[in-house]
Amino acid sequence: MRRKICVTGVFRKLFERTFARSAGNVSVSAGSYRNKQAAQKAGFFLLFCCILATLLFLGSIVYFIFAGGSKVVTWGFLTQWPRNAMTEGGIFPALLGTFYLTLGAVTVALPLGLACAVYLCEYTPGSLALNAIRIGINNLAGVPSVVFGLFGLAVFVKFFGFGVSVLSGSLTLGILILPGIISASQEALMAVPNSLREASFALGATRWQTIKKIVVPQALPGILTGVILSIGRAAGETAPILFTAAAFYTRRYPQSPFSEVMALPYHIYALMTEGTHPRQQTVIAYGSALVLLILVLLISGTAVFIRQRHRSYNG
Amino acid sequence: MKRLFSKESVYASVFGILAFACLIFLAGITLVLFKEGLPLFAKVSLWDFLSGTAWYPTHEDPEFGILSLLAGSLWVTAGAMLVCLPLGIGSALYINEIAGNTQKAVLKPLVELLAGIPSIVFGFFGMVVVAPFLQRLLHIPTGLCAFTASLILGIMAVPTVCSLSEDALSYVPASYREASLALGATRWETLIKVVLPAAGSGISTAAILGVSRVMGETMTVLMVSGGAAIIPHSFFQPVRPLTSTIAAEMGEAAVGSTHYQALFAIAMVLFTLTFIFNIAAEILSRRYRLKLGIQR
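The structure presented is a predicted model; accordingly, all values stated were derived computationally and were not measured. All chains use their own residue numbering, which begins from 1 and follows the written sequence. Whichever chain is written first is A, and whichever ligand is written first is 1; the rest continue in order. Residues qualify for local features only when their pLDDT is at least 70, as the model is predicted, and side-chain atom pairs are given and counted only at 80 or more; totals for whole chains, interfaces and linings, by contrast, use all residues. Side-chain descriptors were evaluated using all non-hydrogen atoms of the structure, hydrogens and water having been removed beforehand.

A few points about unusual backbone geometry
Residues and elements named next belong to chain B. Located in the positive-phi region is His 139, a residue other than glycine, with phi close to 55°. Comment: elements are numbered from the N terminus, with helices defined as DSSP H or I runs of at least four residues and strands as E runs of at least two. By secondary structure assignment, the location of His 139 is in the loop between helix 6 (119–138) and helix 7 (146–170). Judged by relative accessible area, which is 70%, His 139 ranks as exposed. Buried, partly exposed and exposed residues are distinguished by accessible area as a fraction of the type maximum, computed with a 1.4 Å probe on protein chains only: under 20%, between the cut-offs, and over 50%, respectively.

As structure tokens, then:
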């Protein structure tokens, strides 16, 4: 299979370099050939402009956040509590809160999601059920995050009576990232060649042994990428924790899973929309946005790195 | 030696139960939305809810018409698509068809990385940088308007649309390109007349998922779109999309009140819209895979 792809690739290059060009020369007049070349140049330039504009836009966001935030972010900013009605001091409790919420979300979603993916890929052969479930999961992945927030409010905060708390927020975020974890793990498990499973069965291994020792280790980089990307998503989401976990200010560290917390993304939002000192708060918000941006870029960077390495390893 | 429960069957049932729990969780969302939202229609008729233009949930004589909110959502989404489709699809074409291997190795991870920037950062950027800048540049009364929201959301969705379209393009068999080049077409002609039509439904899938993502985006529009519940007549008016209405008002609505139910009913509308988009995307992408003869 791999050799075949290489061969077609080589052929394509040959076509592009020699055959296509000479065919153009032979079959059409020189003038129309030149027009075609001009159109090609213009078209390629247009597409180049598209990617350039995209990178410039997105780069400018990163640049502005860095420019505004780099003066604010110091070691003290990361480790201190806010002071003077949010106009001075640091963001430590918000960082801690985001850490708790993200950890909680992964603790909820990872075992459930992984088990679901393993069951769907390794135990049920029926493709009809698989398709139905896949469509359901895809749909949930597209549901707006604020709707997950409402679900969390109705079920965890009110129905189960957990209140506005770390627990409610973690559960809500966990359900939010569940579809992503399931589909990433499923994809990774399905990419494991069947011959490996068959070889394992042929050696007398049971299904569980095959899963534990052959399939999951093989699929691990893919699963890990999906999980890390989900962590990044959970850390950056605001809408789901708006009514389930987040507080503008807490006096103490969270005492139990049932206390409300400050969280980094919500902190940025609250600084921009509440409070009485908009100017000083904007400065703190710049710092918080920079910290969040670096955090999320580091997390998703790790995931992308793992994926790239795995790709080159597998060819 | 035969035991009642073998180790294997225990593992199988544990996995089965966990998977089932997962699905119950996910199905539960739908049920809860409808359970909390549907009672509204005992008090407000569905038609008034969908076609009323007045959204005054906290007045003494409250009115729950979401047409202006829906119009706000559609307006912002339409604007965002004008930004995001050309940029996203153009970038995907560049990465897949023009960029060399080195460029590809840099650009693809970079786009993936940028897809991870949280929406709150986009909202913050829009509020402190883009809105004041546009206000001065265009001499408009406020920078927090549909135009700014569209611009930011559009840029935000570019990485999503770009990676999905790029996937679709990479599925087009090399033989299509080779045949076209062998007939004497230039690379540009091959791109426009062969590759793009072949990947058409795959790219439409990407576009639909982009629309769905933009329409469900909450924090950015909450911070940037201005928040006025009126039917917009120009791009430079403040609007209030469905998502930001929920986020802005749920904090004040008492549990079980009509206002609370109305916000859940809005969530139902959002859910239905994204559901339709996702099903459409699913059907299109299945047709695409069949057309190109890809199994999974």
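Observations concerning the side chain of Ser 185 of chain A
Residues and elements named next belong to chain A. Here Ser 185 lies in helix 7 (residues 166–190). Of the residues examined, Ser 185 reaches a relative accessible area of 1% and is grouped as buried. Residue contacts are defined here by distance: any two heavy atoms, one from each residue, within 4.5 Å place the two residues in contact. Excluding its chain neighbours within four sequence positions, the residues that come into contact with Ser 185 are Leu 114, Ala 117 and Ile 223.

Some points on the packing of aromatic side chains
Residue and element names in this part refer to chain A. Put simply, two rings from Phe, Tyr or Trp (the six-membered ring, in Trp's case) pair if the centres are within 6.5 Å, and we call them stacked under 30 degrees between planes, edge-to-face over 60, tilted for the rest. All chains considered together, the criterion is met by 20 aromatic pairs over all chains. A ring pair is formed by Tyr 119 and Tyr 123, whose centres lie 5.9 Å apart and whose planes are at 25°; its orientation type is stacked. Taken together, the positions of Tyr 119 and Tyr 123, both in helix 4 (residues 92–123) and four residues apart, correspond to about one turn of that helix. Aromatic side chains Phe 159 and Phe 160 sit 5.3 Å apart centroid to centroid with 75° between the ring planes, which places their arrangement in the edge-to-face category. Taking the relative accessible area as the measure of exposure, Phe 160 reaches 48% and is therefore partly exposed.

With respect to a nonpolar patch on the surface
Every patch collects residues that have over 30% relative accessible area and no salt bridge, joining them within 9 Å if they carry like charges and within 5 Å if they are nonpolar side chains (Val, Leu, Ile, Met, Phe, Trp, Tyr). Only the protein chains shown count as cover for residues, with accessible areas throughout obtained via the Shrake-Rupley method and a probe of 1.4 Å. Salt bridges are defined as contacts in which a side-chain nitrogen from Lys or Arg sits within 4 Å of a carboxyl oxygen from Asp or Glu. On the surface, Phe 45, Phe 48, Leu 52 and Leu 56 of chain A cluster together into a nonpolar patch covering about 400 Å² of accessible area. As for its position among the elements, Phe 45 of chain A is in helix 2 (residues 30–69).

So, the interface of chain A and chain B
With 90 residues of chain A at the interface, the matching set in chain B holds 82 residues. Carbon and sulfur atoms supply 80% of the area that chain A and chain B bury against each other, a total of about 7,800 Å² over both sides. Where chain A touches chain B, the interface holds two salt bridges. When the shortest N-O distance is used, the salt bridge between Lys 36 of chain A and Glu 189 of chain B registers 3.5 Å. In short, buried area is how much 1.4 Å probe accessible area vanishes from two parts on joining, totalled over both.

Let's talk about the confidence of the model for chain A
Residue and element names in this part refer to chain A. How sure the predictor is of each residue is captured by pLDDT, a score from 0 to 100. Taken residue by residue, chain A gives an average pLDDT of 83. The fraction at 70 or more is 87%. Here helix 1 (residues 2–27) stands out as the least confident element of chain A, with mean pLDDT 48; helix 8 (residues 194–202) is the most confident, with 93. Low pLDDT (under 50) marks residues 1–7, which in the prediction has zero contacts with non-local residues, meaning those over four places away or in another chain. When the criterion is pLDDT under 50, residues 18–27 qualifies, and its contacts beyond four places in sequence or with other chains add up to 10 contacts.

A few points about the nonpolar core
Among the nonpolar cores identified, the biggest contains 155 residues, and Phe 49, Met 250 and Ile 266 of chain B are the most heavily contacted of them. Among the elements that take part in this core, helix 4 (residues 67–98) of chain B stands out by supplying 14 residues, more than any other. Not counting residues within four places of it along the chain, the set of residues in contact with Phe 49 of chain B comprises Leu 40, Phe 41, Val 44, Phe 64, Gly 65, Ile 66, Leu 67, Ala 262, Ala 265, Ile 266 and Val 269 of chain B. Buried Ala, Val, Leu, Ile, Met, Phe, Trp, Tyr and Cys residues form a nonpolar core when they are joined through side-chain atoms within 4.5 Å. Listed in part, the 15 residues of the second largest apolar core include Ala 115, Ala 117, Leu 189 and Ile 211 of chain A.

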